[in-house]
Amino acid sequence: MARAGAEAQTLQELAGLLRQLRRREARQQGETLLTYRQLAVKTGWSRGIIGEYFAGNILPPPERFDALIRLLGATPAEQGVLATARDRIEERRRRPTRDHATSGRAGVRARAGGLRTGTQSARFPVPRQLPPALPGFVGRTAQLAQLDAECAGPGLPGDDSVATVTVLTLSGTAGVGKTTLAVHWAHRVADRFPDGQLYVDLRGFDSTGTVVTAVEAVRGFLEALEVPPERIPTHLPAQVGLYRSLLAGRRMLVLLDNARDVDQVRPLLVGSPSCLVLVTSRNRLVGLIAAEGARPIGVDLLSTAEAWQLLARRLGAQRLAAEPRAADEIIERCARLPLALAVLAARGAANPAFPLATLAAELRVAPRPLDSFDGGDAATDVQAVFSWSYRSLTPTAARLFRLFGCHPGPDIGVAAAASLAGLPRDQVPRLLAELAHAHLVTEHAPGRFGAHDLLRAYAAEQAEHLDAAEARRAAIRRGLDHYLHTGHAAALLLQPGRDPVTLAVPAPGVVPEEITDHAQALAWFTVEYPVLLAAVTHARRTGFDGHAWQLAWTLVDFLQRRGRWSDLAVAQRTALAGAQQAGDRRGQANAHRDLARVLSRLGRVNEAARNYRQALMIFAALGDHTGQARTHRAFGAMLDGLGRYAEALDHNERALALYQAAGHLAGEASARNAVGWAHAQLGQYEPGLAHCGRALALLRTTGDRHGEANTWDSLGFIHARLSDHREAIRCYERALELYRQISERYDEADTLSRLGESQHAAGEVAAAGRTWRRALGILDDLGHPDGERVRELLTRAAAEPPARG
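One structure accompanies this document, and this report is about it. (Residues numbered from 1 in each chain as written. Predicted model: local features only at pLDDT ≥ 70, side-chain atom pairs only at ≥ 80, totals over all residues. Heavy atoms only, no water.)

### So, the overall build of the protein
- Along the backbone of the protein there are 37 helices and 8 strands.
- Relative to a compact globule of 805 residues, whose C-alpha radius of gyration would be 28 Å, the protein shows 37 Å and is clearly more extended.
- Projecting the C-alpha coordinates of the protein onto the three principal axes gives extents of approximately 120 × 80 × 55 Å.
- Counting all 805 residues of the protein, 52% fall into the buried class.
- Across the protein, the fraction of contacts at a sequence separation of at least 24, relative to all contacts at a separation of at least 6, is 67%.
- If you sum the accessible surface of the protein, you get close to 34,500 Å²; carbon and sulfur atoms cover 52% of it.
- Charge centroids of the protein, computed over 96 positive and 86 negative side chains, lie 5 Å from each other. (Helix = DSSP H or I, 4+ residues; strand = E, 2+ residues; numbered from the N terminus. Rg over C-alpha atoms; globule rule 2.2 N^0.38 Å. Buried < 20%, exposed > 50% of the residue type's maximum accessible area, 1.4 Å probe, protein only. Contact = heavy atoms within 4.5 Å. Areas by Shrake-Rupley, 256 points an atom, 1.4 Å probe, with all protein chains shown as cover. Lys, Arg positive; Asp, Glu negative; His and termini not counted. Charge placed at Lys NZ, Arg CZ, Asp CG, Glu CD.)

### Quick look at the sheet that holds strand S6 (residues 411-413)
- One open sheet holds the 3 strands; their spatial order is S6-S8-S7, and the pairing between them is antiparallel. Pairing within the sheet leaves two strands with one partner each, and these edge strands are S6 and strand S7 (442-445). Going from strand to strand, the sheet's axes swing by 40 degrees on average, the running direction of each strand aside.
- Inspection of the sheet shows S6 paired to strand S8 (residues 448-450) by 3 bridges, in the antiparallel sense. Each bridged residue has a counterpart across the sheet, and for Asp 411 the counterpart in S8 is Gly 450.
- Against the sheet, helix H20 (residues 414-421) touches S6 and S8, its axis set at about 95 degrees to S6. (Pairing = 2+ DSSP bridges. Axes fitted to C-alpha atoms, helices over the stretch in contact; angles between N-to-C directions.)

### Section: the state of the cysteines
- Summed over the entire model, instances satisfying the criterion amount to 0 disulfides.
- We note that Cys 692 lacks a disulfide partner, and the nearest cysteine sulfur, in Cys 731, lies 9.7 Å from it.
- When its relative accessible area of 0% is taken as the criterion, Cys 692 is described as buried. (Disulfide = S-S within 2.5 Å.)

### Section: the nonpolar core
- Trp 185, Phe 386, Leu 393, Phe 401, Phe 525 and Leu 551 are the most contacted members of the largest nonpolar core, which totals 139 residues.
- In terms of residue count, helix H24 (residues 518-541) provides more of this core than any other element does, 11 residues in total.
- Residues contacting Leu 551, with those up to four places away along its chain left out, are Leu 480, Tyr 483, Leu 484, Leu 532, Ala 535, Val 536 and Ala 539. (Core = buried A, V, L, I, M, F, W, Y, C linked by side-chain atoms within 4.5 Å.)

### Re the pattern of salt bridges
- In total, this model carries 33 salt bridges according to the counting rule given.
- Linking Arg 586 and Asp 624 is a salt bridge whose minimum nitrogen-to-oxygen distance equals 2.6 Å. Of the two residues, Arg 586 sits in helix H27 (residues 585-601) while Asp 624 sits in the loop between helix H28 (605-622) and helix H29 (625-641), which places them 38 residues apart along the sequence.
- Connected through shared salt-bridge partners, Glu 329, Arg 333 and Arg 364 make up one network. (Salt bridge = Lys/Arg side-chain N within 4 Å of Asp/Glu carboxyl O.)

### Remarks on the pairing of strand S1 (residues 167-171)
- Most of S1 sits out of view: 5 of its 5 residues are buried.
- With burial as the criterion, each face of S1 is covered, one bearing Val 167, Thr 169 and Ser 171 and the other bearing Leu 168 and Leu 170.
- Two elements, S1 and strand S4 (residues 276-281), share 5 bridges in a ladder whose sense is parallel. Bridged to Thr 169 within S4 is Val 279.
- In this structure, S1 lies alongside strand S5 (residues 295-298), joined through 4 bridges in parallel fashion. Bridge pairing in S5 links Thr 169 to Pro 296.

### Brief notes about the sheet that holds S1
- One open sheet accounts for 5 strands, arranged S2-S3-S4-S1-S5; its pairing is parallel. The open sheet has two free edges, formed respectively by strand S2 (197-201) and S5, since each of these has just one partner strand. Geometrically, the sheet is characterised by an average inter-axis angle of 15 degrees between neighbouring strands, direction not taken into account.
- In the packing of helix H9 (residues 214-224) onto the sheet, the strands contacted are S2 and strand S3 (253-259), and the crossing angle to S2 comes to about 145 degrees.

### Thoughts on the side chain of Gln 560
- By the secondary structure assignment, Gln 560 is in helix H25 (residues 545-562).
- Overall, Gln 560 belongs to the buried group, its relative accessible area being 13%.
- There is a polar contact of 3.3 Å between the side chain of Gln 560 and the side chain of Arg 597.
- With sequence-adjacent residues up to four places away left out, Gln 560 is seen in contact with Trp 565, Leu 568, Arg 597 and Glu 744. (Polar contact = N/O pair within 3.5 Å; in protein donor to acceptor, adjacent residues only side chain to side chain.)

### Notes on H9
- Looking at H9, one finds that the buried residues are Ala 214, Ala 217, Val 218, Phe 221, Leu 222 and Ala 224. Axial view of H9: buried residues confined to an arc of 160 degrees, hence all on one face.
- Buried positions along H9 lie against S2, helix H10 (236-247), S3 and helix H11 (262-265).
- Positive backbone phi, at 65 degrees, marks Glu 226, one or two positions downstream of H9. (Arc of directions from axis to C-beta.)

### A short note on unusual backbone geometry
- In this structure, the amide linkage connecting Gly 409 to the following residue, Pro 410, adopts the cis form with an omega of 5 degrees.
- Position of Pro 410 relative to the elements: it lies in the loop between helix H19 (395-403) and S6.
- The residue Arg 140 is not glycine, and still its phi comes out positive at about 60 degrees.
- Even without glycine at this site, Ser 723 takes up a positive phi of about 65 degrees.

### Considerations on the environment of Glu 323
- Note on placement: Glu 323 falls in the loop between helix H14 (317-322) and helix H15 (324-333).
- When the C-alpha positions of Glu 323 and Pro 355 are compared, they lie 8.1 Å apart, and in sequence the two are 32 residues distant.
- In contact with Glu 323, other than residues within four places in its own chain, are Pro 355, Leu 356 and Ala 357.

### A look at H25
- Taking 1.5 Å as the rise per residue, H25 with 18 residues should run 26 Å; its terminal C-alpha atoms sit 26 Å apart, in good agreement.
- Counting buried residues along H25, 16 of its 18 residues qualify, which places the element largely inside the surrounding structure.
- Positive backbone phi, approximately 70 degrees, marks Gly 563, located one or two places after H25. (Expected span 1.5 Å × (residues − 1).)

### Observations concerning the packing of aromatic side chains
- Tallied over the full model, the rule gives 9 aromatic pairs.
- Relative to Phe 525, the ring of Trp 524 has its centre 5.2 Å away and its plane inclined at 75 degrees; by these criteria the two rings are edge-to-face.
- Ring geometry for Trp 677 against Phe 717: centres 4.5 Å apart, planes inclined by 40 degrees, an arrangement best described as tilted. A residue pair is termed long-range when its members are at least 10 positions apart, and Trp 677 in helix H31 (residues 665-681) and Phe 717 in helix H33 (residues 705-721) qualify at 40 residues. Each of the two residues, Trp 677 as well as Phe 717, counts as buried.
- Members of the aromatic cluster, each reached through a chain of ring pairs, are Trp 524, Phe 525, Tyr 529 and Phe 558.
- Looking at Arg 22, its charged tip hangs above the ring of Phe 54, at a distance of 5.2 Å from the centre.
- Of note, Arg 473 hangs over the ring of Phe 544, and the distance from its end group to the ring centre comes to 4.1 Å. (Phe/Tyr/Trp six-rings, centres within 6.5 Å; stacked < 30°, edge-to-face > 60°. Lys NZ or Arg CZ within 6 Å of the ring centre and 35° of its normal.)

What follows is the structure, encoded as structure tokens:
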């Protein structure tokens, strides 16, 4: 006890020297006294802890002591004397004494008692509970900036006003790296919380299912704060009260990792605005945001660049640079999920002689994608990590999640999810919200839900384990039926002149979406076409070959209008294979014709001609006049583009005769326009005008705006050839108005190029330049080779001498 008294006396003497330096420095700055607040601003420490240093109640740690005496203007000689005095006190404390055990217990008891009454402890413990930070941390720039911005807000170091936020949440899907980010940032800002950092893994989604209760977590924190067992209350409310009292007025960071829900977290929140609580969870913890004003920060998959950085840190940048394609494939097959990337990187690091191409091939050929991501324990087994989130779902939500493995992807809307599950539509939003809350799906746009490839693979595996094959196949059919019946209706609204396909009755539980006009149809395709493209392949792979070609049929007009020729070619090749496999002759004929149209756009003329002839042969064998007529019409359009106008006229006249024989008015109108155009190309303008005029009269009764736009364009072309450029401009502008209404981008650009030529011929040189630039912008956006022709028009116009006034 004598030693304790001597130690206290020496500590008081040391504090007296600090106070002298403080007064001297204040005088030199023209101040009466440097306030604790001023010193807190300069150091980032709390005013309370600074007061304890000057009162002689707490011995500053060496690095703080050195910084403080330098700040107070101590000379080098004074710094040496003061540092020596401080070291003596520290050395005396480390020496064992006879009554060490009893004095330690008494000291702890006294400190706990003092803290409970709100007074500052003479020797307040400074817990440093953060786990080690992950070496080689990469990325997360946006999230780190958000965390830094919130941490720099009022109520934290450097500002004594009331805090605007004291709780932050990091939420994201399993394996996305929430804990890694939280621990990395906590270490980065530890100096802003000089009174310590508390940490607990709440094990909300632990493989053992042993969730840490609030009682256990609070008791652990009280023990870290050196509260004796006999002073810890029995009941949770009293424990929480003591915990919050101990942290009152202090600057501490509390990291609550892997929380399951709001109820687990709420008792661990701190009442003091000078503390910050950071929570990580797979759930969104909406209750904390609503009731406690928590600030949410989402943690998503890594970007491709960040994923590359992660692999480079683990495997070496040179190894990746030597095999960039293999590295890219690994990143893609890991879905940019940090846990999956880390597991693959560990395998690569353990086998440095393995080429990255070998690792990529293993992922590519694995019959079960998740089998490649087993890190050897539950914490690094991707499938196990996903399972902890999955087990928290209600049975109905779990079934809907499993059915994501029966859906083609990449995302799904509420209506399609209802059909997929065979549930009433009004029940599905709640289930999707539950999945999004658990971060098993992501609502990346209002009403659109998706999951990365590894989660989808996990969903498929769970469906295979838990759902009968018949149930899975029924779900696949419901999903395909939903898209087929909705897409079929939308396709006929986009192009009223198309002949409908005979569809089977949708499966029970399927409720197609109601689409009533052209604008709705266009909006639906704009959102759903990536899903429809995937559905074509999905239908073929799962044995629904009829669905494959019919789904591809629904996409033809929309993808043509967007100029997505490569996508359409893939879909039509898949459709043709499906129709051949199913022995569906009508499906084969449609697929041959639609594939030929795409191939002609891609410049593969001979292959396109073979497919047109194959389609004509099958339609003729079926006795399908309109199918033959439509094929002749498309074949003629290709020949026209090749400058083979007489052959084009022959096919168009055959199409006209077949449409007339079938009494098909919309088809007759389209064919008459094509015949008129072919006559014009051959210099036969009078029959061209006659046929196009009759086509317009028919089109006004059919509501076919695309056909009407084509015909106005033909009339503009004929008037331009007759040198009536004012009338040509009027016709072209009418065509453009209609093309824009139906979002026919390629035809809009094609007409713009001709409009520019008529404007130029009429002396409107500046207007022609603007028109050609608009056409070039569309064609470049589509990646269409016709852009070169428009560039030539602009180049020639720019080289012309200016017109004389």
